[in-house]
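Spelled out, the chains give:
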Amino acid sequence: MDIEPIIQMDKQLLLALNGSSSLFVDYLAKTLTTASTWIPLYLSLFYVVIKNNDNFRRILFVLACAGLCVLLAGTVDDLIVKPSVARLRPTHDLQIGMLVDTVDGYRGGKYGFFSAHAANTFSVALFMSLLMRSGLLSTLLVAWSLTNCWTRLYLGVHYPFDILCGLLWGACVATGVYFLFRYVDSKFVHGDIDYVSSKYTSTGYRYSDIYVVVVVLALTLVYCILRSLVLA
């Protein structure tokens, strides 16, 4: 099968999605894609896990599973897949590299398949969604992950196919880790409990605590917008 037409289409689609003439959007994408921007989000999720689990062993197990998501989604990609596949990022591609619009000279590492940003964020978003079972939180976490994916395209450091594969891998990792969590948790850690209450999700997480994550996400977005306005 000749995959060259697919590769060329991938490149053309990237060029269509990459960059703009707006300094504000440039800096917004750069701020959104920076890992440290989302530290408050991770801390708020950590807070919800601590508040809604009844013993230290279960808290550690939840955190270990979240860490396993990141390990399998991103670390495996960075250490094994990227150097093995060795697909150059758009910014390093000899064919289109000079056509890619960059922000402050940011070009990323040499190889880009697949996107660790997509895999990491989507694995965390999906695992936490399955764990907490809040429709609002799930929607916002998926939107957060997809926003990170958009920044990678806008900044020209990943092709659309890199993003798609990263999302698929992240989904597989999150689903697998969640089923592992459910099995071990029900057998050895916590046991199955069904919550029927307007104050709790079906897995026992307080809506009032989940709203903390919602507020943190909103404030983080406000910070990103204000910072981008100042820099632009």
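Structure report, in brief. (Residues numbered from 1 in each chain as written. Predicted model: local features only at pLDDT ≥ 70, side-chain atom pairs only at ≥ 80, totals over all residues. Heavy atoms only, no water.)

A word on the overall build of the protein. The helix and strand tally for the protein stands at 8 helices and 0 strands. Shown N-terminal to C-terminal, the secondary structure of the protein runs as helices and strands in the order α-α-α-α-α-α-α-α. The globule rule puts the C-alpha radius of gyration for 232 residues at 17 Å, and the 19 Å found for the protein is close to it. C-alpha atoms of the protein, sized along the principal axes, occupy 55 × 45 × 25 Å. By residue count, 45% of the 232 residues in the protein fall in the buried class. Residue pairs at least 24 apart in sequence account for 78% of intrachain contacts in the protein once pairs closer than 6 positions are excluded. When the accessible area of the protein is evaluated, it comes to approximately 11600 Å², of which 69% is carbon and sulfur surface. (Helix = DSSP H or I, 4+ residues; strand = E, 2+ residues; numbered from the N terminus. Rg over C-alpha atoms; globule rule 2.2 N^0.38 Å. Buried < 20%, exposed > 50% of the residue type's maximum accessible area, 1.4 Å probe, protein only. Contact = heavy atoms within 4.5 Å. Areas by Shrake-Rupley, 256 points an atom, 1.4 Å probe, with all protein chains shown as cover.)

A side chain of one charge can pair with a side chain of the opposite charge when the charged atoms of the two come close. Counted according to the given criterion, the structure contains 8 salt bridges. Among the ionic pairs, R58 bridges to D185, the shortest N-O distance being 2.9 Å. You can see R58 sitting in helix 4 (residues 56-85) and its partner D185 sitting in helix 7 (residues 160-189), a full 127 residues away along the chain. Considered together, R58 and D185 belong to a single accessibility category, that of buried residues. Note that D162 and R87 form a salt bridge whose closest N and O atoms lie 3.1 Å from each other. With D162 in helix 7 and R87 in the loop between helix 4 and helix 5 (116-132), the pair connects residues that are 75 residues apart, well separated along the chain. The two residues D162 and R87 agree in class, both being buried. Here the salt bridges share partners, and the residues they tie into one network are D10, R87 and D162. (Salt bridge = Lys/Arg side-chain N within 4 Å of Asp/Glu carboxyl O.)

So, about the layout of surface pockets. Size it by volume and the second largest pocket reaches roughly 220 Å³. Around the second largest pocket sit I3, I6, I7, M9, D10, L13, V85, R87, F113, P160 and F161, which together line it. Listed by contribution, the elements that provide at least two residues to the lining of the second largest pocket are helix 1 (4-17) and helix 7. At 5 residues, helix 1 tops the list of elements feeding residues into the lining of the second largest pocket. In terms of residue class, the lining of the second largest pocket is made up of 9 nonpolar, no polar and 2 charged. (1 Å grid on protein atoms, 1.4 Å probe; cavity = no way out; pocket = protein on both sides within 12 Å on 5 of 7 lines; lining within 4 Å. Points joined across faces, edges and corners; volume = space filled by probe spheres on them. Nonpolar A, V, L, I, M, F, W, Y, C, P; charged D, E, K, R; others polar.)

Another point: the nonpolar core. Within the largest apolar cluster, 39 residues are counted, with the highest numbers of intra-cluster contacts made by L41, F127, M128, L131, M132 and F181. Elements with a minimum of two residues in this core: helix 2 (23-33), helix 3 (39-51), helix 4, helix 5, helix 6 (135-154), helix 7 and helix 8 (207-231). By residue number, the principal contributor to this core is helix 4, which donates 8 residues. Excluding anything up to four places from it in sequence, M132 contacts L45, V48, V49, L137, T201, T203, Y205 and I210. Among the nonpolar cores identified, the runner-up in size contains 11 residues, and L14, I96, Y159 and I163 belong to it. (Core = buried A, V, L, I, M, F, W, Y, C linked by side-chain atoms within 4.5 Å.)

Looking now at unusual backbone geometry. The omega angle of the peptide bond from F113 to F114 is -5°, so this bond is cis rather than trans. Secondary-structure assignment places F114 in the loop between helix 4 and helix 5. Even without a glycine there, the phi angle at R133 is positive, about 55°. You can see R133 is positioned in the loop between helix 5 and helix 6.

Together, L221, V222, I225, L226 and L229 make up an exposed nonpolar region whose accessible area comes to about 430 Å². Relative to the elements of secondary structure, V222 occurs in helix 8. (Patch = residues over 30% accessible without salt bridge, like charges linked within 9 Å, V, L, I, M, F, W, Y side chains within 5 Å.)

In short, geometric facts, not functional conclusions.
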